[in-house]
Amino acid sequence: MYNVIVLGATFAAAGLAAVYGDACMILEDRPQAGYEFINAIKFGTDYATQPQSEEAKKMQKLLEEKGAFAEGRVNLFPFGSLIYRQLTGKNVLLNVKTVSIRQVDAGFEVEVYGVSGYRTFKAKRIIDTTANRIKLSKKTLNLLMAELPPAGILPAEALEEAWGHPGQCVAKIPVAKDADYPQARQAVAAFLRQLPESCKMITFADCFDCQTEGAYPVERDGVVYLPSVGYANPVLAFDGGVLFGRGGEA
């Protein structure tokens, strides 16, 4: 029996784990941690806002030392090593699918399926840091482009400057809120067909860039929803997890 089961190996979850330690278990259906920013090619905004917790301040300092912020741009690669550093030694299971969540007298039972087969974990409380069960205001599939696409193909707000060589940008392809990944790939293909051959794509995200609708955290049916994507950047998401874990304002 854990005090807390955290759904999603997100930056917010890493913040929670920094507080709860061995008293929590993190369950993630993807094989990566921090995917909601890193794999989504979501560089984040509002880095001028300083985190409140000492843990998040330390993370930001380490990112600065690793060159995550240079010449006004953001490099996402150092964020990957830092979140795994934060989760090392913690109770984390990646690549396990949540099958069911049931309320029981002592709290909750969560059944998952992975390489070890079906397993059940019990906890007094559940905190969901994913975007799987929340309302979204917007969802995009992001592409890293070698140069800006021609004007008129995407609105200006769907283009964002990227770290790296001058001219690189992130193109945010809007998709329906209920679209799955294959459907989103079709939207990306339609966008790419409009580009001249000289306009090259470097890579595209393997998960969605999600924006939340409404204020969080909230509690519904005993489950606390603290979506990591509700924060402007990974540092603030980590900070939010720490603050919530300590009973402060997330």
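Conventions and cut-offs
- Residues numbered from 1 in each chain as written.
- Predicted model: local features only at pLDDT ≥ 70, side-chain atom pairs only at ≥ 80, totals over all residues.
- Heavy atoms only, no water.
- Salt bridge = Lys/Arg side-chain N within 4 Å of Asp/Glu carboxyl O.
- Helix = DSSP H or I, 4+ residues; strand = E, 2+ residues; numbered from the N terminus.
- 1 Å grid on protein atoms, 1.4 Å probe; cavity = no way out; pocket = protein on both sides within 12 Å on 5 of 7 lines; lining within 4 Å.
- Points joined across faces, edges and corners; volume = space filled by probe spheres on them.
- Nonpolar A, V, L, I, M, F, W, Y, C, P; charged D, E, K, R; others polar.
- Buried < 20%, exposed > 50% of the residue type's maximum accessible area, 1.4 Å probe, protein only.
- Contact = heavy atoms within 4.5 Å.
- Polar contact = N/O pair within 3.5 Å; in protein donor to acceptor, adjacent residues only side chain to side chain.
- Pairing = 2+ DSSP bridges.

Caption draft 1: The arrangement of the pattern of salt bridges in detail. Counted by the stated rule, this structure contains 10 salt bridges. Here K97 makes a salt bridge to D29, at a shortest N to O gap of 3.9 Å. Taken as a pair, K97 in strand 6 (residues 97-104) and D29 in the loop between strand 2 (24-27) and helix 2 (54-65) lie far apart in primary sequence, 68 residues in all. What emerges from the salt-bridge pattern is a single network uniting K42, E160, K172 and D209.

Caption draft 2: Examining the layout of surface pockets more closely. Space inside the largest pocket adds up to approximately 410 Å³. Considering the residues around the largest pocket, the lining is formed by 22 residues, among which Y35, A131, N132, F208 and C210 are closest to the centre. Its residues placed into classes, the lining of the largest pocket shows nine nonpolar, five polar and eight charged.

Caption draft 3: Representation of helix 1 (residues 11-20) within the structure. Within helix 1, eight of the 10 residues are buried, which leaves the element mostly enclosed by the surrounding structure. Of the positions making up helix 1, those classed as buried are F11, A12, A13, A14, G15, L16, A17 and Y20. For helix 1, the secondary structure elements touched by its buried residues are strand 1 (2-7), strand 2, helix 3 (77-87), strand 8 (117-128) and helix 5 (234-245). At the N-terminal boundary of helix 1, the capping side chain belongs to T10, with an oxygen 3.4 Å from the backbone nitrogen of A12. G21 sits one or two positions beyond helix 1 and adopts a positive phi of about 60°.

Caption draft 4: Spotlight on the pairing of strand 8. Alignment of strand 1 against strand 8, held across five bridges, turns out to be parallel. Across the sheet, V6 pairs through a bridge with I127, a residue of strand 8. Relative to strand 8, strand 7 (residues 107-114) runs antiparallel, the two sharing seven bridges. Along strand 8, the bridge assignment pairs E111 with T120. Where strand 7 hands over to strand 8, the hairpin turn is made up of two residues, counted between the paired strands. By the bridge criterion, three bridges tie strand 8 to strand 15 (residues 223-225) in an arrangement that is parallel. Counterpart to I126 in the pairing with strand 15 is V223.

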